[in-house]
Each structure stands twice: as structure tokens, then as C-alpha cells.
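Okay, here's what each chain looks like letter by letter:
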Amino acid sequence: EGDTAALLDSVRMVVISYVRAAVSATASAIWALSLRRWGLLSLGSSLLYLWNISTLSSRRRNSDNSPCPEHGPLLRIMYGLFSTWLAERVLGHLLHTRPDEPQAEQIGGTLPSVMGPRELRIKVVPILGAAFGGNYAYLIWDEDDPDRRAIVVDPADPYPVLRAAEEERLNVEVLLTTHWHFDHSGGNATFAREVPGLRVVASDRERGRVPALTERLADEQTIAVGRLLVTAHSVPGHTLGSAVFQISSSAAPAAPHAAFTGDTLFCGGCGRLFEGSSLQLHASLRRLRTRLAPNCQAALLLALSLDLSLALFLALFRALS
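What you are looking at is a predicted structure, and each value in this text was computed from that prediction instead of being measured.

Caption draft 1: Up close: a nonpolar patch on the surface. On the surface, Leu 74, Leu 75, Met 78, Leu 81, Trp 85, Leu 86, Val 90 and Leu 94 cluster together to form a nonpolar patch covering roughly 800 Å² of accessible area. Those elements that place two or more of their residues in the nonpolar patch are α3 (73–82) and α4 (85–95). Along the chain, Leu 86 falls in helix α4.

Pasting the structure below:
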């Protein structure tokens with residue numbers, strides 16, 4: 001037994017000596033690198049990291065071999081960068097309206113407007129000016145709610161939406177994020193900081209990329225805000241975690257519902273395929289068509305845009321059927 005213990009000690013010492021020598025040699029090689037080589041090593045490591053975290057679609061990643069766009073390496077790396085905390089901070093600094101600044105003019109001069117029945121009021125708030133082509137956030141509330149509880153959808157530029165909520169004397173309780181892209185989720189952190197106790201909600205397939213997220217909804221899961229009912233519909237395509245939020249009122253079930261589709265569906269078109277395949281998006285739209293209430297179409301049109309044709313919207317769904 002003594003000989004065995006001595007042999008094991010000798011083997012252990014040899015292994016430790018080799019490990020120390022290898023670590024020492026590696027450390028010496030690293031310290032010997034010039035500043036230029038250090039820079040190249042850091043750049044290469046960063047590019048490799050961004051490539052690996054990028055969730056752009058590719059034929060290699062789609063196990064069902066369904067058609068999807070082929071993205072070049074530069075776009076794949078930039079898409080990975082777009083998903084980082086650094087990009088969120090930089091874009092927010094460059095594009096967000098400051099608390100004491102007026103809202104940037106929207107392309108076409110679109111102004112905030114209020115629509116819908118008392119049980120389901122919707123205020124459309126143009127945001128981001130000309131950045132990303134402009135966008136919209138939405139405030140939804142029940143006019144007869146004594147607490148003036150409200151839902152906000154995609155307030156990517158937070159302060160104009162906060163001012164709009166203050167103008168309507170609303171207490172925003174829930175923030176819905178249709179998908180993680182900055183022009184939809186970029187205002188979440190500021191909004192959550194300005195509204196203590198805010199529930200920030202997104203699809204459970206978003207994989208932690210939505211800022212300030214507090215709650216994930218599964219497909220067809222419903223939550224309530226007063227008499228307003230919010231149902232999540234998972235619609236992978238534009239991104240794998242994209243969701244459509246259908247909102248109705250328990251006080252008026254027959255009243256039109258509203259569906260907020262993010263970049264999944266527009267009147268006459270759909271969002272670009274970044275993470276999903278064309279078959280995935282097609283299946284999502286067909287599934288959505290069977291789920292949305294018949295009286296949701298007009299409200300969906302209003303939620304998407306003020307000046308687009310309902311005929312185009314209906315034509316798209318007829319084509320899918």
C-alpha cells in the first residue's frame with residue numbers, strides 16, 4: 001500500500017509539473033503578443049462571439065429544410081451585435097426622445113389619435129420619427145375603469161408614450177412586447193424605471209432578449225388587466241419569439257377585438273424573415289387566421305395603421321386560405 005501511495009504521489013507531481021509548464025508557456029506567449037496582435041485577437045474573438053449569438057435563419061439551422069433567406073456573414077455578425085446590451089444603449093442614446101424634448105415628426109406627419117369603443121379605447125402614438133422608417137406604440141384602456149388602468153404595446157421611444165399616457169390620465173400596468181428588436185423593445189428599461197411595478201410581458205420563446213422582462217406568456221395564454229383580456233399568439237417567422245397580442249373586453253364580448261401584430265403582419269405585407277423560414281411564417285399566419293375573432297379584422301386594421309386599405313388585408317388572408 002505504501003508503494004502504491006508513493007507511485008500515485010509521483011504521478012500526481014508529474015501531471016502538476018506538466019500543467020504548470022503548459023500554463024506558463026501559454027502565459028508567456030500571450031504576454032509576448034504585440035499590441036497589434038492583441039487587437040487582432042480581441043477583434044477575432046468579438047466577431048466569433050457575435051456570429052455565435054446571432055439568431056439569423058439559415059438553411060443549416062432549419063431542420064425541416066424549409067425555404068429561408070440566406071444571410072451573408074456581415075449581416076449575421078451585425079444581427080448578433082444588434083441583440084447586445086451595448087447596441088441597446090447606443091441606439092437609445094442616439095434615437096430616444098429626451099424627457100424635455102418634443103417628439104420628432106413622423107414620416108408623413110402622422111399625429112396621435114384615439115379610437116375604439118369605450119370598453120376598448122386605443123391611442124396610437126407615432127414614435128421614433130424617421131428612425132427605422134418610424135413606428136407606432138399603442139395605449140389601450142377601459143374608459144369606465146375607475147382606476148384608469150392601461151396597457152402599452154411596444155413603446156420603443158418611451159417618453160412620448162409616457163406623456164401620451166399622462167394626457168389621458170392613465171395608470172400603465174402592463175407593457176406588451178411583440179418581439180425583441182430595438183424599434184419595439186428599446187424603451188422597456190426606461191418605461192419600467194419610470195413606472196414602478198410595471199409588468200413587462202413577452203412570448204415565452206423570446207429567450208431572454210427582451211429588456212426588463214418580468215413575465216412570459218405561452219401560446220394562447222391569457223392575462224387580465226381590469227376588464228381587458230390579453231391573449232398571446234405565438235407567430236414565429238419575423239423572429240422566432242414574435243407574438244401577436246389580441247385584446248378584448250369582458251364587459252363587451254361582442255365589441256370588436258384588437259390585435260397588435262408587431263412586424264409579423266401589415267396590411268398588404270409582412271415583416272422580413274430574419275430568424276424563421278417562409279413555411280414557419282406561412283403556418284403562423286394561417287393559424288392566426290383561424291384564431292382571431294371574426295370581429296377582430298377592423299380593430300386589427302386600426303391597430304396596424306391609420307391609412308392602409310382593409311381590402312389589402314383581406315386579400316392577404318384570402319390568399320393564405
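Okay, back to it.
Caption draft 2: View of the pattern of salt bridges. Using the criterion set out here, one finds 13 salt bridges in the structure. Two residues, Arg 148 and Glu 143, come together in a salt bridge whose shortest N-O distance is 2.6 Å. Between Arg 149 and Asp 145 there is a salt bridge, and its shortest N-O distance comes to 2.9 Å. Look at the salt bridges and you will find they share partners, linking Arg 118, Asp 142, Asp 144 and Arg 227 into a network.

Caption draft 3: How the structure looks around the sheet that holds strand β9 (residues 228–234). The four strands are arranged β8-β9-β10-β11 in an open sheet whose pairing can be described as antiparallel. Looking at strand neighbours, the two that pair on one side only are β8 (222–225) and β11 (258–260), the edges of this open sheet. Within this sheet the neighbouring strands show an average axis-to-axis angle of 25°, counted without direction. Here β8 pairs with β9 via four bridges, running antiparallel. Paired with Ile 223 across the strands is Val 230, a residue of β9. Against the sheet, helix α8 (residues 278–291) engages β9 and β10 (243–249), with an angle of about 150° to β9.

Caption draft 4: Inspection of the sheet that holds strand β4 (residues 149–153) at higher detail. Taken in spatial order, the seven strands of this open sheet run β1-β2-β3-β4-β5-β6-β7, and their pairing is mixed. Two strands lie at the open edges of the sheet, namely β1 (113–115) and β7 (215–217), each paired on one side alone. When strand polarity is set aside, the average angle formed by the axes of neighbouring strands in this sheet is 25°. Pairing geometry for strand β6 (residues 199–203) and β7, over three bridges, is parallel. The residue of β7 that forms the bridge with Val 201 is Glu 215. This element, helix α5 (residues 158–167), spans β2 (121–127), β3 (135–141), β4 and β5 (171–176) of the sheet and lies at about 150° to β2.

Caption draft 5: Quick look at α3. Among all positions of α3, only Arg 76, Ile 77, Tyr 79 and Gly 80 are buried. The arc that holds every buried residue of α3, seen down its axis, measures 160°, which confines them to one face.

Caption draft 6: Representation of α5 within the structure. Counting buried positions along α5 yields seven of ten residues, so the element is predominantly enclosed. For α5, every residue scored as buried is listed here: Pro 158, Tyr 159, Pro 160, Val 161, Leu 162, Ala 164 and Ala 165. Contact partners of the buried residues in α5: β2, β3, β4, β5 and α7 (188–194). Just downstream of α5 lies Arg 169, where phi reads positive at about 60°.

Caption draft 7: Examining the layout of surface pockets more closely. Size it by volume and the second largest pocket reaches roughly 300 Å³. For the lining of the second largest pocket, the secondary structure elements donating two or more residues are α4, α5 and α7. Per element, the largest residue contribution to the lining of the second largest pocket is four residues, and it comes from α4. Its residues placed into classes, the lining of the second largest pocket shows four nonpolar, six polar and four charged.

Caption draft 8: Focus on the nonpolar core. Judged by nonpolar contacts, the single largest core of 23 residues is most densely connected at Ile 122, Tyr 138, Ile 140, Ile 151, Leu 176, Ile 247 and Phe 260. Elements that contribute at least two residues to this core include exactly β2, β3, β4, β5, β8, β9, β10 and β11. Ranked by size, the runner-up nonpolar core spans 21 residues in total, among them Val 161, Ala 164, Ala 165 and Leu 170.

Caption draft 9: Up close: the packing of aromatic side chains. Tallied over the entire structure, the rule returns four aromatic pairs. On the numbers, 5.8 Å between centres and 50° between planes, the contact of Phe 82 with Trp 180 is tilted. One end of the pair, Phe 82, is in helix α3; the other, Trp 180, is in the loop between β5 and α6 (182–185), with 98 residues separating them in the sequence. Its relative accessible area of 22% is what places Phe 82 among the partly exposed residues.

Caption draft 10: Unusual backbone geometry, seen in detail. Even without being glycine, Arg 169 reaches a positive phi, approximately 60°. Structurally, Arg 169 is set in the loop between α5 and β5. Phi at Ala 212 takes a positive value of approximately 60°, unusual for a residue other than glycine. Structurally, the position occupied by Ala 212 is in the loop between β6 and β7. A relative accessible area of 35% places Ala 212 in the partly exposed class.

Analysis parameters
- Residues numbered from 1 in each chain as written.
- Predicted model: local features only at pLDDT ≥ 70, side-chain atom pairs only at ≥ 80, totals over all residues.
- Heavy atoms only, no water.
- Patch = residues over 30% accessible without salt bridge, like charges linked within 9 Å, V, L, I, M, F, W, Y side chains within 5 Å.
- Areas by Shrake-Rupley, 256 points an atom, 1.4 Å probe, with all protein chains shown as cover.
- Salt bridge = Lys/Arg side-chain N within 4 Å of Asp/Glu carboxyl O.
- Helix = DSSP H or I, 4+ residues; strand = E, 2+ residues; numbered from the N terminus.
- Pairing = 2+ DSSP bridges.
- Axes fitted to C-alpha atoms, helices over the stretch in contact; angles between N-to-C directions.
- Contact = heavy atoms within 4.5 Å.
- Buried < 20%, exposed > 50% of the residue type's maximum accessible area, 1.4 Å probe, protein only.
- Arc of directions from axis to C-beta.
- 1 Å grid on protein atoms, 1.4 Å probe; cavity = no way out; pocket = protein on both sides within 12 Å on 5 of 7 lines; lining within 4 Å.
- Points joined across faces, edges and corners; volume = space filled by probe spheres on them.
- Nonpolar A, V, L, I, M, F, W, Y, C, P; charged D, E, K, R; others polar.
- Core = buried A, V, L, I, M, F, W, Y, C linked by side-chain atoms within 4.5 Å.
- Phe/Tyr/Trp six-rings, centres within 6.5 Å; stacked < 30°, edge-to-face > 60°.

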